[in-house]
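Inside the fold
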Amino acid sequence: KSIWRYVMGTTGFTIIDLIILIVYLLVVLVAGIYFSKKEMKGKEFFKGDGSVPWYVTSVSIFATMLSPISFLGLAGNSYAGSWILWFAQLGMVVAIPLTIRFILPIFARIDIDTAYDYLDKRFNSKALRIISALLFIIYQLGRMSIIMYLPSAGLSVLTGIDINILIILMGAIAIVYSYTGGLKSVLWTDFIQGSVLLIGVTFALVFLIVHIDGGMGAIFQAFSLEHKFLAVDQPIFNPNIFKDSVFILIVGAGFNTMGSYVSSQDIVQRFTTTTDTKKLNKMMLTNGALSIFIATVFYLIGTGLYVFYQQNALPPAAAQDQIFASYIAFELPVGVTGLLLAAIYAAAQSTLSTGLNSVASSWTLDIQANLSKKELGFEKETKIGQRVSLLVGIFAIVVAMVLANGGVKSAYEWFNGFMGLVLGILIGTFILGAFTKVANTFGAVAAFIASSGVMVYVKYFVPADHVTIWSYSIISIAVSLVIGIPASMIWRKVKGDTSVPAANTTIYNK
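Residues numbered from 1 in each chain as written. Predicted model: local features only at pLDDT ≥ 70, side-chain atom pairs only at ≥ 80, totals over all residues. Heavy atoms only, no water.

1. Quick notes on the overall build of the protein chain
Our working definition: Each helix corresponds to a stretch of at least 4 residues labelled H or I by DSSP, and each strand to a stretch of at least 2 residues labelled E; elements are numbered beginning at the N terminus. Only protein chains enter the accessibility calculation, which uses a 1.4 Å probe. A residue is then buried if its area is under 20% of the maximum for its type, exposed if over 50%, and partly exposed in between. We call two residues in contact whenever any of their non-hydrogen atoms come within 4.5 Å of each other. Values of accessible area rely on a 1.4 Å probe in the Shrake-Rupley scheme; residue burial ignores everything except the protein chains shown.
For the protein chain, the count of helices and strands is 20 helices and zero strands. Taken over 510 residues, the protein chain has a buried fraction of 58%. Looking at the protein chain alone, contacts between residues at least 24 apart form 82% of all its contacts between residues at least 6 apart. Surface exposure of the protein chain reaches about 20000 Å², of which carbon and sulfur atoms provide 68%.

Below, the structure written as structure tokens:
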């Protein structure tokens with residue numbers, strides 16, 4: 001079938017929507033190139049030139065953390081069941097105050113280059129820095145491939161555009177502005193894409209409410225009469241923290257989110273754009289408000305769709321994860337459909353461009369600079385970063401296309417599981433360094449190994465219903481402290497080690 005017949009016949013995606021989608025992608029590409037007019041070298045390529053406003057960086061953090069999987073999945077969750085996972089968004093209430101109070105002042109005082117630069121400065125261990133960076137890079141390679149594949153698969157069904165074309169387009173545009181302008185281009189394009197997403201999704205909610213018989217009243221009725229807000233059998237508190245409850249959802253998700261703020265280079269890289277703690281705090285608070293707001297909007301949309309499709313016929317391709325995308329394609333006005341589908345694409349592209357730049361910075365500054373026998377210099381660092389962006393982008397495109405064409409489906413499950421592990425392992429080592437003075441290199445390495453072993457065991461050898469994923473970061477932090485502190489004390493006793501942490505690397509020395 002021709003694209004014309006396909007889009008005009010069996011889907012709600014019209015030529016006008018296709019034009020809007022193409023124009024949107026061109027605008028993003030032009031904007032990315034525009035913000036890269038000034039040649040970025042060395043640290044500027046990886047940290048920006050200090051000219052990006054804090055609110056732009058804040059929206060970039062929001063856009064980075066909201067993947068298209070969330071975009072489609074959050075509405076699907078509330079459409080199919082309850083709002084129970086919405087409580088995980090309230091983890092921000094735990095993560096943000098702790099990060100603002102304890103972690104950001106440390107990052108600002110020592111002016112870190114990357115997340116793993118902190119581990120090097122705190123524990124005087126280049127090996128720990130390199131291993132942590134490698135874990136993050138593997139995590140990002142898997143994440144980028146999946147994030148290119150999943151939304152492209154959904155959009156391909158709804159638009160009739162070949163999935164391989166969608167994947168290549170997404171990857172190529174992200175590579176161009178990541179390669180040419182570094183972090184500054186990524187931040188500004190993230191800002192544009194995050195803004196489109198916020199406006200578009202809010203419009204979709206308002207449009208949905210207006211077209212529901214009974215409006216918001218009907219949605220609240222679904223909460224109360226059909227238990228669409230909180231599952232009947234879901235406990236508010238369970239003293240066994242390894243089992244699901246509303247309490248562990250909030251607290252556990254809080255520490256999981258804190259893991260991203262503390263130990264994930266794609267997020268920490270945004271904190272390296274300034275050493276002004278007031279700006280950093282405003283970034284965090286704005287990001288938290290946006291995240292909770294958009295999650296609430298998505299969940300309202302999901303419950304709204306449940307009510308709407310009680311009153312109207314279901315569209316084609318109305319699987320749970322695609323229900324919102326189907327609504328966009330078949331119910332929204334012509335033109336708005338193109339813009340909203342562009343927003344889904346935008347969510348993927350934001351995460352992808354951030355991934356490219358964060359992998360480039362971590363490989364260059366954490367690994368290559370530390371393995372090189374001589375100083376790289378700013379121009380050399382920039383060239384390495386650009387090459388890594390290009391190669392990683394091509395690799396992610398290829399893997400996404402392999403997934404799209406039916407090969408190694410198990411890779412998706414493997415990467416998904418691995419993603420949950422990496423930040424959980426790393427946060428324990430960061431907390432050990434920031435919150436204790438006694439921890440030394442030996443203790444940190446022992447904690448890292450022990451935490452890795454325990455988390456791998458929990459993930460792959462303990463039945464999923466025995467340990468909730470929301471307790472992963474709590475387990476990692478506990479293991480790191482229980483192993484890292486005694487190991488450090490024993491080493492100090494045996495070796496007569498009287499070393500103290502470098503200045504400003506813990507919450508105690510300022």
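Structure shown, so let's carry the discussion forward.
2. Overview of helix 20 (residues 472-495)
Going by this rule: Expected span of a helix, by definition, is 1.5 Å for each gap between consecutive residues, and there is one gap fewer than residues.
An ideal rise of 1.5 Å per residue puts 34 Å on 24 residues; helix 20 measures up with 33 Å between its terminal C-alpha atoms. Three or more residues of helix 20 are buried, namely Y472, S473, I475, S476, I477, V479, S480, G484, A487, S488 and R492. After helix 20 finishes, the residue G496 shows a positive phi value of roughly 65 degrees.

3. As for empty space enclosed by the protein
Cut-off, in case you're wondering: Put plainly, a pocket is an open set of points on a 1 Å grid over the protein atoms alone with protein on both sides within 12 Å along at least five of seven lines, a cavity is a set where a 1.4 Å probe fits but cannot get out, and a lining residue has an atom within 4 Å of a point. Grid points are joined across faces, edges and corners, and a volume is the space filled by probe spheres set on the points. Any residue that is not Ala, Val, Leu, Ile, Met, Phe, Trp, Tyr, Cys, Pro, Asp, Glu, Lys or Arg is counted as polar, Gly included; the first ten are nonpolar and the last four charged.
The full count for this structure, using the stated rule, is two cavities of 30 Å³ or more. Of the pockets and cavities examined, the largest cavity occupies roughly 50 Å³. Lining the largest cavity, in full, are F107, A108, D111, I112, F271, T272, T274, T275 and L280. For the lining of the largest cavity, the residue count by class is five nonpolar, three polar and one charged. Contributions of two or more residues to the lining of the second largest cavity are made by helix 7 (92-110) and helix 18 (410-435). Take the lining of the second largest cavity: its biggest share by element is three residues, from helix 7. Residue classes in the lining of the second largest cavity are distributed as seven nonpolar, no polar and no charged.

4. Examining the confidence of the model for the protein chain
Under the convention used in this document: What pLDDT expresses is the predictor's confidence in each residue, scored from 0 to 100.
Scored by pLDDT, the protein chain has a mean of 84; 88% of the residues are at 70 or more. The secondary structure element of the protein chain with the lowest average pLDDT is helix 1 (residues 3-9), at 39, and the one with the highest is helix 8 (residues 115-123), at 95. The low-confidence segment residues 1-10 (pLDDT under 50) makes 18 contacts with residues lying over four places distant or belonging to another chain. Confidence drops under pLDDT 50 across residues 408-412; counting only partners more than four residues distant or on other chains, this segment forms eight contacts.

5. Topic: a nonpolar patch on the surface
The following threshold applies: What goes into a patch is any residue over 30% in relative accessible area without a salt bridge, connected to like charges within 9 Å or, for nonpolar side chains (Val, Leu, Ile, Met, Phe, Trp, Tyr), within 5 Å. The salt bridge definition used is simple: a Lys or Arg side-chain nitrogen within 4 Å of an Asp or Glu carboxyl oxygen.
Side chains of Y179, L390, I394, V398 and V402 sit close together on the surface and give an oily, nonpolar patch of about 380 Å² of accessible area. It is helix 17 (residues 378-404) that contributes the most residues to the nonpolar patch, four residues altogether. Residue classification places I394 among the partly exposed residues on the basis of a relative accessible area of 43%.

6. Here we look at the packing of helix 15 (residues 323-331) against helix 16 (residues 336-371)
Our working definition: Here the axes come from fitting lines to C-alpha atoms, over the contacting stretch only for helices, and the angles between their N-to-C directions go from 0 to 180 degrees. Working definition: roughly parallel below 35 degrees, roughly antiparallel above 145 degrees, roughly perpendicular at 65 to 115 degrees, and oblique for all remaining angles. In this scheme the crossing of two helices becomes right-handed for a clockwise turn of the near helix relative to the far one and left-handed for an anticlockwise turn of less than a right angle.
Between helix 15 and helix 16, whose axes approach to 8 Å, the crossing angle comes to 155 degrees. Looking at the two axes, helix 15 sits roughly antiparallel to helix 16. Crossing geometry of helix 15 relative to helix 16 is assigned as left-handed. The residues of helix 16 that touch helix 15, namely those facing A325, I328 and A329, are T337, L340, L341 and I344. Of the residues belonging to the contact of helix 15 with helix 16, the class tally is six nonpolar, one polar and no charged.

7. Overview of the packing of aromatic side chains
Each aromatic ring pair is characterised by the separation of its centres together with the angle its planes make. Let me state the cut-off plainly: Each aromatic pair joins two rings of Phe, Tyr and Trp (for Trp, the six-membered one) with centres within 6.5 Å, and gets the label stacked for planes under 30 degrees apart, edge-to-face for over 60, and tilted for any other angle. Any Lys NZ or Arg CZ that is within 6 Å of a ring centre and within 35 degrees of that ring's normal is treated as a charge sitting over the ring.
Tallying each qualifying case throughout the model produces 20 aromatic pairs. Taking the centre distance of 5.8 Å and the plane angle of 55 degrees together, the rings of W83 and W86 count as tilted. Each member of the pair, W83 together with W86, is buried. Judged by centre distance (5.9 Å) and plane angle (85 degrees), the rings of W188 and F191 are edge-to-face. Linking W188 with F191, this pair stays in helix 10 (residues 163-210), spanning three residues, or about one helical turn. Among the residues examined, W188 registers a relative accessible area of 17% and is labelled buried. A residue is classified by how much of its surface remains accessible, and F191, at 22% relative accessible area, is partly exposed. Pairwise contacts between aromatic rings join F107, Y116, Y118, F136, Y139 and F430 into one cluster. Over the aromatic face of Y508 sits the side chain of K437, whose NZ or CZ is 5.4 Å from the ring centroid.

8. Quick look at the pattern of salt bridges
A side chain of one charge can pair with a side chain of the opposite charge when the charged atoms of the two come close. One pass over the structure, following the stated rule, counts seven salt bridges. In this structure, D190 and R270 form a salt bridge, with 3.1 Å as the shortest nitrogen-oxygen distance. Separated by 80 residues along the polypeptide, D190 in helix 10 and R270 in helix 13 (residues 265-271) bring together distant segments of the chain. For the pair D190 and R270, one class covers both residues: buried. Beyond isolated ion pairs, a larger network of salt bridges with shared partners links D117, D120, K121, K126, R129 and D366.

9. Quick notes on the packing of helix 11 (residues 215-225) against helix 14 (residues 277-311)
Where helix 11 contacts helix 14, the two axes come as close as 9 Å, and the packing angle between them is 95 degrees. It follows that helix 11 is roughly perpendicular to helix 14 by the angle criterion. Each of M216, A218, I219, A222 and F223 in helix 11 lies in contact with helix 14, whose residues at this interface are L300, T303, G304, Y306 and V307. In terms of residue class, the contact of helix 11 with helix 14 is made up of eight nonpolar, two polar and no charged.

10. A closer look at a positive patch on the surface
Put simply, the rule reads: Neither His nor the chain ends is counted toward charge; the positive residues are Lys and Arg and the negative residues Asp and Glu. Every charge is mapped onto a representative atom, which is NZ of Lys, CZ of Arg, CG of Asp or CD of Glu.
Residues K374, K380, K383 and R387 make up a contiguous surface patch of positive charge. As for its placement among the helices and strands, K374 is situated in the loop between helix 16 and helix 17. On the basis of relative accessible area, K374 is assigned to the exposed category, the value being 68%.

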